[in-house]
Amino acid sequence: MLAAILLSALAMSAIVAVRYLITSGGFAFATRVRQPGLYAGLDPQIRREIAWSLASALIYGIPAGVVAWGWQAQGWTRIYTDVGAYPLWYLPVSVLLYLAAHDSWFYWTHRWMHRPRLFRAAHAVHHASRPPTAWAAMSFHPWEALSGAIVIPALVFLIPIHVAALGCVLTIMTVMGVSNHMGWEMFPRWMVQGPAGRWLITASHHQRHHEQYNCNYGLYFRVWDRLCGTDRGLGEFRKGRR
Ligand SMILES: [Zn+2]
Ligand SMILES: [Zn+2]
């Protein structure tokens, strides 16, 4: 049994690492096409971002792998596969519930990690990327990686979710984690600066966090930042050679 758990954890770490390499690699390639020269001179930083991110992938895989094993072998978790088990309207609602819960956890742990001692001990790794690139998505100190790694594995015990909706949550998490750091805005201006952008976080919003440190702590939504007075609006991007 122990071997099966270990194997599941290792397999999950490998999946997370490959997912990171494909997604960050894809967006880094898109950056070369859309904003040539944007990452010029950042090679040493990018190497560090990749190293920290791969270490994070190992950490992310452990709780996810243990829970995936428990789901399959022991019937743990509230993940369901029969789409009729809950009303259809619950599918999008469950995705929103997961994103809101993850966002809340992230906002408060992130603010906490900006306290000076914790910042120096852990979160400074993430902010060593100046400016961040598409490779910085999982560039975290192991302590910070651990705080992020437990969120979804804990939520699957609490909030029922269809396996496809969970896939949707993980996809949004991965894509936004990468694109929020890549140094340019991929969403259209009308969206980012329109009513939706007042509540949703994209690269423009997180960029300002990396510029100013003491604002814009959220992950997906601007709700907590707005409620707590830490929202300072959208940031500026440095320009590529285009
Ligand atoms: Zn960041
Ligand atoms: Zn931060």
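Residues numbered from 1 in each chain as written. Chains lettered and ligands numbered in written order. Predicted model: local features only at pLDDT ≥ 70, side-chain atom pairs only at ≥ 80, totals over all residues.

Stated precisely, the cut-off is as follows: UniProt positions are given in the numbering used here, feature names are shortened, and annotations may be inferred rather than shown by experiment.
Under an unreviewed UniProt entry, the protein chain has the name Sterol desaturase family protein and belongs to Sphingobium agri. Among the UniProt annotations of the protein chain, the heading Subcellular location (unreviewed entry) holds the following wording: "Membrane".

### Looking at the overall build of the protein chain
This is how it is decided: Runs of E in the DSSP output that reach at least two residues are strands. Runs of H or I that reach at least four are helices, and both are numbered from the N terminus. Taken over C-alpha atoms, the radius of gyration is set against a globule rule of 2.2 Å times the number of residues to the power 0.38. Using C-beta atoms placed from the backbone, we call a residue buried if 20 or more other C-beta atoms fall within 10 Å of its own, exposed if 12 or fewer do, and partly exposed for counts in between. Here, residues touch in the contact sense if the C-beta positions derived from the backbone fall within 7 Å of one another.
Within the protein chain one finds 10 helices and 2 strands. Mapped from its N terminus to its C terminus, the protein chain presents α and β elements in the order α-α-β-α-α-α-α-β-α-α-α-α. Relative to the compact-globule value of 18 Å for 242 residues, the protein chain shows a C-alpha radius of gyration of 18 Å, a close match. When the backbone C-alpha atoms are referred to their principal axes, the protein chain occupies close to 55 × 40 × 40 Å. Across the 242 residues that make up the protein chain, the buried fraction comes to 34%. A sequence separation of at least 24 residues applies to 72% of the contacts in the protein chain between residues at least 6 apart.

### Focus: the environment of S53
Here S53 shows up in helix 2 (residues 43-74). With 88 residues separating them along the chain, S53 and H141 place their C-alpha atoms 8.8 Å apart. Look past the residues within four positions of S53 in its chain and what remains in contact with it is Y20, W135, A137, M138 and S139.

### Topic: the UniProt feature "transmembrane region" (unreviewed entry) in the protein chain
Mapped onto the present numbering, the UniProt feature "transmembrane region" (unreviewed entry) falls on residues 50-71, 83-101 and 150-179. Counted over residues 83-101, helix gives 63% and strand 0%. Its end C-alpha atoms are 22 Å apart. Across residues 150-179, helical content stands at 83% and strand content at 7%; the span's end C-alpha atoms are separated by 22 Å.

### Some thoughts on unusual backbone geometry
Cis peptide bonds are those with omega within 30 degrees of zero, and the linkage from R130 to P131 qualifies with -5°. Structurally, P131 can be placed in the loop between helix 4 (116-127) and helix 5 (142-149). One non-glycine residue, T77, lies in positive phi territory at about 75°. Residue position: T77 is located in the loop between helix 2 and strand 1 (79-80).

### Thoughts on the UniProt feature "domain: Fatty acid hydroxylase" (unreviewed entry) in the protein chain
As recorded in UniProt, the feature "domain: Fatty acid hydroxylase" (unreviewed entry) lies at residues 95-230. Secondary structure content for residues 95-230 is 61% helix and 1% strand, and the end C-alpha separation is 25 Å.

### Some points on helix 5
Among the residues making up helix 5, those that are buried are E144, A145, S147, G148 and A149. Looking at the packing, one finds that the buried side of helix 5 touches helix 2, helix 3 (90-113), helix 4 and helix 6 (151-158).

### Concerning the nonpolar core
Put simply, the rule reads: Each nonpolar core consists of buried Ala, Val, Leu, Ile, Met, Phe, Trp, Tyr and Cys residues. Their C-beta atoms, within 7 Å, join them into a set.
Core analysis: the largest hydrophobic core is formed by 33 residues, its most contacted members being Y60, A134 and A137. Going through the elements one at a time, helix 1 (2-34), helix 2, helix 5, helix 6 and helix 7 (163-179) are the ones with two or more residues in this core. Looking at this core, the element that brings in the most residues is helix 2, giving 9 residues. Setting aside anything within four residues of it in sequence, one finds Y60 in contact with V16, A145 and A149. Formed by 6 residues, the second largest nonpolar core is a distinct cluster that contains Y107, I201, L219 and Y220.

### What about the packing of helix 1 against helix 7?
Heads up, the condition is: Axis definition: a line fitted to C-alpha atoms, limited for helices to the stretch in contact. Angles are taken between N-to-C directions and run from 0 to 180 degrees. Oblique is the label for any angle not under 35 degrees, not over 145, and not in the 65 to 115 range, which are roughly parallel, roughly antiparallel and roughly perpendicular in turn. Crossings are classed by handedness, with left-handed meaning an anticlockwise turn of the near helix from the far one by less than a right angle and right-handed meaning a clockwise turn. Classification used: nonpolar for Ala, Val, Leu, Ile, Met, Phe, Trp, Tyr, Cys and Pro, charged for Asp, Glu, Lys and Arg, polar for all others including Gly.
In contact at an axis separation of 10 Å, helix 1 and helix 7 are set at 45° when each is read in the N-to-C sense. Between helix 1 and helix 7, the angle falls in the class oblique. Viewed along their axes, helix 1 and helix 7 form a crossing whose handedness is right-handed. Contact with helix 1, carried on its side by R19, T23, S24 and F27, involves T174, V175, V178 and S179 of helix 7 and no other residues of that element. Taken together, the residues of the contact of helix 1 with helix 7 break down into 3 nonpolar, 4 polar and 1 charged.

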